[in-house]
Amino acid sequence: MPVNITSILTSSNGVWQGDNPLDYAFPLLIVQITLVLIVTRFLAFLFKPLRQPKVIAEIVGGILLGPSALGRNQSYMHRIFPSWSTPILESVANIGLLFFLFLVGLELDLNSIRRSGRRAFTIAAVGISLPFICGIGVAVILRKTIDGADKVGFAQFLVFMGVALSITAFPVLARILAELKLLTTTIGETAMAAAAFNDVAAWILLALAVAISGDGSGGNHKSPLISVWVLLCGVAFVIFMMVVIRPVMKRVGQRCSLEHEAVDEAYICLTLAGVMVSGFMTDMIGIHAIFGAFVFGLTIPKGGNFAERLIERIEDFVLGLLLPLYFASSGLKTDVTKIHGGEAWGLLFLVISTACAGKILGTFVVALMCMIPARESLTLGVLMNTKGLVELIVLNIGKEKKVLNDEIFAILVLMALLTTFITTPAVMAMYKPARGIIAKTHRKLGDLSSASNHGVVDELRVLACVHGPGNVPSIIALIESTRSTKKSLLKVFIMHLVELTERSSSIILARRARKNGFPFFNRFRGGEWHDRLAGAFQAYSQLGRVTVRPTTAISSLSTMHDDICHVAEEKRVTMIILPFHKQWRMMEVDGDSGSHEVSENVGHGWRVVNQKVLKNAPCSVAVLVDRGYGNTDGPNNPGPNNTVTQRVCIVFFGGPDDREALELGKKMAEHPAVKVTVVRFVEKDGLNSKSIELDEKAMGEFRSKWDGMVEYIEKVSGNVVEEVLGTGRSGDYDLIIVGKGRFPSSMVAELAERQAEHAELGPIGDVLTSSGQGVVSSVLVIQQHDVALVDDSPVCKVHGGGSNRFIAEDSSHGEIQVQPDVV
C-alpha cells in the first residue's frame, strides 16, 4: 500500500499511549542503525582471521539484511525496513558517504601523485584502459541477454560498465597493504601511486557517466547540449576549487599549524560547512554530491596539523556509524535471487573473469615492460584488482540513475565482493618482500663481555620501545645507567609503537613512517612524534658516546612483534627493552600529607605484544615495569654531571637469565652515578650441577672485578617470596633487576604452586609486580637469548628431592623432563 511520506511523524508518544515506535521515523532509524552495526561488527570479527578489510563485512552484512537473506521474510521487511523509511535511511547514509569522500580527498596527496613518475602513471593508464574496453564488450552482451537492459541509453550504460570494471578502491587497497606490511615496499608504493592515478581518473569518468546519464530512462530523449553544459560546469567547479578555495584552505592550515596547540573551532565548522556546500554545488550542476566533497578534500593542505585534526574529529563517527549504513542500504537494494538460472550465473562468471583478467593481465604486462620482476608484476595486478567501497558507490549511483537494473546491480555487487575477498589471500600466497642479509650479531650481553675481555672495542646496541611520552623518563634513565664510560660504545634505537587501526590517520601515519615494509630510521624531523618524544632523546644523544636513532612502528597489535624482532635482527641489537603494559605512579592526595599508588594500563593487547617478542626475539629481552624510575622530580636521576647515586639491586638465584642480569649489572657498575648491589640467594645444600658451576664462575668473575665498588649480600633461602618482597618494599633501591628464570633453581621452582598474575615476567618478576604487594621499586625482568631456549618453558616444580633434573609442566603436552640449565 503506498504511503504518503508527508504523513510520517518523527517520534512516537510511547507504548503506554498505544503507539508502536516502529511506525515512526526516528525510533525506526535507531533500530535500523543498531541492527546494521551489530551485524557488520559481528561479521568483521568472523572475517578478521582471514585478514579481510572491514568493508567486506559491511557489504556482506548489507546483503544479509536485504532481500537476499533476511528480507525474504516479508513481515520482517515491512516492519524493520518498510519502503517509506528508505529515503530517510539513505539520506543519513549519504551524509556519511559525503564525509567519507571528503576523507578520501584528504588522504589523496596530489603532489605525491605527481612525484610518482612515469611508471606508476603507465601502469594506472593501462590498468584502467584495458578493463574499460573489456567492460564495453561485457555491456554489449548484457544488453542483449538481460531483460530490460536495452531500455537504457547505450552510451551511459557503456560508461557505467566500463567504470565498474576498471576502478581500483584506493582506501581499501591502502588498508590491505598496511595489513600485509607492504605499504611502502617498492610494490606497495607503486600500487598506491597507480591506485591514486586510477582514483582520480575513476572520479572523472564517474562524473562523465553521471553527466550523460540524466535520469537513465530518459537519457535518449534529452538534448546532448545538457550533458555538455554539465561537464563544462563540472570543469569550472574544479578550477574554481583549485584556484580560489585551495589557497584559502592553505592559509587556514597555516593558522592551525603545530605552533598553535588547539585548532580554532570556527575553522573546523567552516570546513565541515564547506563539505556540505561543495556537495550541494555539484548536485545542483547535475554531478553527484560526493564529487564536490571529494574535490573539497583535495584542497586541504596535506601533512599539517589541520588535516590531522579534521580526520581525528570526524573519521570515527563517519567510518564507524554512518558509512556502514551506506552498505546496508546497498544490501537492501541487492537481491541475489534475481540471479537465477544457468544463463544468469554464467553472466556472473563472465563479469568476474573479465574484470579480473582485464585488470590483472593488463597491469601484469605493462609492469613487465617497466622492468618489474614477474612475481611482483603479478602481485601488483592482483592488488590493483581491489574493488569494494568505491565500486559500491559507482553501482549505487548507476542504480539511482536507473542505468543498472536489479539483476545487473546484483551481478556487479557480487563481482566487487569476490574480487576484493580474494586479494589478501592471493597476495599472501604469491609475494613475500625480500629482506636483506642479516649480519652476525651479539645476541646477548655475555657475547659483548667476551669481546671486551679480548680487547675488542665493541658497540652495545639497544632497541628501546615506547608507547608514548610517559615511557620516556624511565627509558632514558635505564639507558643512561648502562652507558659505559670505558671501552664499549652505546647505540640506541628508539621505536615508538603505534597501533594500526581502520582510521584514515593511522594509514597516513603508516605511509610516512614505513620503508621496505618495516619501520625505518631517520634523523629527527618535524612531526608530532618527533616534536613530543624524540626531542628528549635528541637532547640526551648530545652526551657523547651515545648515538640515538628514532623510528615509528605502525602495525596491528597481532603483528607488532614482527616489526620489533625484524629491526632487532636487522640492526644487530643485543638487547630489546620493552615497557610493561602497566605503569604505577605515586599521586599526592589533596589535603593530606600522604600519597597513593595509581595504576595506568595501556591494554591487554600490548601485553600480548610483549609475550610474542619474548618468545620470538633474536636477542636478549628486558621488560621494564615502571614505578617512577627516572622521574625528574626525584633526586635520584643519573646523569653525566650528577653525583647522586642511582640505586640498583640485582637479585640473583642462578640460571641463564640471572646471569644475563649480572652482565647488565657489569655495565651499570662502570657508571659513576650508579650504585649496584647484588643480593644472592643460596640454598643450604647446593646442588652439584653444571648450572651451579656456571653461576659460581659468573659470580666469581663479577666479584673479583668489582670488589669494593659493588655491594654483595648473600642470603640463605628461607621464605623466598617474603625476602624478595621485603627488598621491593624497602625503598632502598630505585630499580631491581631479576632474571625471568625459565629454567630456575629449585628455590624459584618451588614458587610454581603460586598463582601467577603476570606469568611472562617469570616467578620472581611476577612476585615484584603483583598488585597490592606494596612494592615501590621499579623492576627490570631480563630474558637471555639462547638458541636452545627459544621455545619458552613454563616455571617448574621440583620432583625427587635432590635430583638435578626438573619437570617442566606444560598444560598442552603433559609433563616433559628438561635439563635444569643450558650452557
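Residues numbered from 1 in each chain as written. Predicted model: local features only at pLDDT ≥ 70, side-chain atom pairs only at ≥ 80, totals over all residues. Heavy atoms only, no water.

A.B. asks: Please explain the environment of Leu97 as it appears in this structure.
C.D. replies: Among the secondary structure elements, Leu97 is positioned in helix α4 (residues 86-107). Remark: the alpha-carbon pair of Leu97 and Ile290, spanning 193 residues in sequence, is separated by 7.1 Å. Sequence-distant contacts of Leu97, defined by excluding residues within four places in its chain, comprise Ile290, Leu323, Tyr326 and Ile393. (Helix = DSSP H or I, 4+ residues; strand = E, 2+ residues; numbered from the N terminus. Contact = heavy atoms within 4.5 Å.)

A.B. asks: Honestly, unusual backbone geometry in this entry has me stumped. Any pointers?
C.D. replies: Phi is positive for Lys402, which is not a glycine, with a value near 65°. In this fold, Lys402 is placed in the loop between α16 (389-400) and α17 (406-421). Backbone geometry at Arg572 places phi at a positive 55°, although glycine is not the residue there. By the secondary structure assignment, Arg572 is in the loop between α23 (560-570) and β6 (575-588). The class for Arg572 is partly exposed, based on a relative accessible area of 31%. (Buried < 20%, exposed > 50% of the residue type's maximum accessible area, 1.4 Å probe, protein only.)

A.B. asks: Looking at this structure, how should I read helix α12 (residues 289-299)?
C.D. replies: Think of an α-helix as turning once every 3.6 residues; residues three or four places apart then point the same way. Counting buried positions over the eleven residues of α12 gives eleven, a clear majority of the element. All buried positions along α12 are accounted for by Ala289, Ile290, Phe291, Gly292, Ala293, Phe294, Val295, Phe296, Gly297, Leu298 and Thr299.

A.B. asks: Any chance you could explain the pattern of salt bridges here in plain terms?
C.D. replies: Between side chains of opposite charge, a pair can form when the charged atoms approach closely. Applying the stated rule across the entire model yields twelve salt bridges. Linking Lys666 and Glu663 is a salt bridge whose minimum nitrogen-to-oxygen distance equals 3.3 Å. Taken together, the residues Lys666 and Glu663, both in helix α25 (residues 656-669) and three residues apart, mark about one turn of the helix. In terms of burial, Lys666 and Glu663 fall into one category: buried. (Salt bridge = Lys/Arg side-chain N within 4 Å of Asp/Glu carboxyl O.)

A.B. asks: I'm lost on the confidence of the model for the chain in this one. Help?
C.D. replies: For any part of a model where pLDDT is low, the fine detail of the predicted coordinates should not be relied upon. On average, residues of the chain score 77 in pLDDT, and 76% of them are at 70 or above. A low-confidence stretch, residues 522-531 (pLDDT under 50), is modelled with 21 contacts involving residues beyond four sequence positions or located in other chains. For the stretch residues 789-823, pLDDT sits under 50, and the model shows 76 contacts to residues farther than four places along the chain or on other chains. (pLDDT = per-residue confidence, 0-100.)

A.B. asks: Any chance you could explain the pairing of strand β5 (residues 546-555) here in plain terms?
C.D. replies: For a regular strand, side chains alternate in direction, first toward one face of the sheet and then toward the other. For β5, the buried fraction is high: eight of the ten residues fall into the buried class. Of the strand pairs in this sheet, strand β2 (residues 489-499) and β5 are connected by ten bridges, and their pairing is parallel. Across the sheet, the residue bridging to Leu490 is Val546, located in β5. (Pairing = 2+ DSSP bridges.)

A.B. asks: Help me out: how do you make sense of the environment of Gly292 in this one?
C.D. replies: If you trace the backbone, Gly292 turns up in helix α12. According to the relative accessible area criterion, Gly292 is buried, its value standing at 0%. Distance in space between the C-alpha atoms of Gly292 and Phe102 is 8.5 Å, their sequence separation being 190 residues. Setting aside chain neighbours within four positions, we find Gly292 in contact with Phe237, Ser278, Gly279 and Thr282.

A.B. asks: Quick question: what am I supposed to make of the packing of helix α1 (residues 25-47) against α4 here?
C.D. replies: When two helices pack together, you describe them by how their axes are tilted relative to each other and by the distance separating the axes. Running from N to C, α1 and α4 point in directions that differ by 60°, and their axes come no closer than 10 Å. On the basis of the axis angle, α1 is oblique to α4. Of the two elements, α1 crosses α4, and the hand of that crossing is right-handed. Here α1 contributes Ala25, Leu29 and Gln32 to the contact with α4, which in turn contributes Ile88, Leu89 and Val92. Tallied by class, the residues present in the contact of α1 with α4 amount to five nonpolar, one polar and no charged. (Axes fitted to C-alpha atoms, helices over the stretch in contact; angles between N-to-C directions. Parallel < 35°, antiparallel > 145°, perpendicular 65-115°, else oblique. Left-handed = near helix turned anticlockwise from the far one by under 90°. Nonpolar A, V, L, I, M, F, W, Y, C, P; charged D, E, K, R; others polar.)

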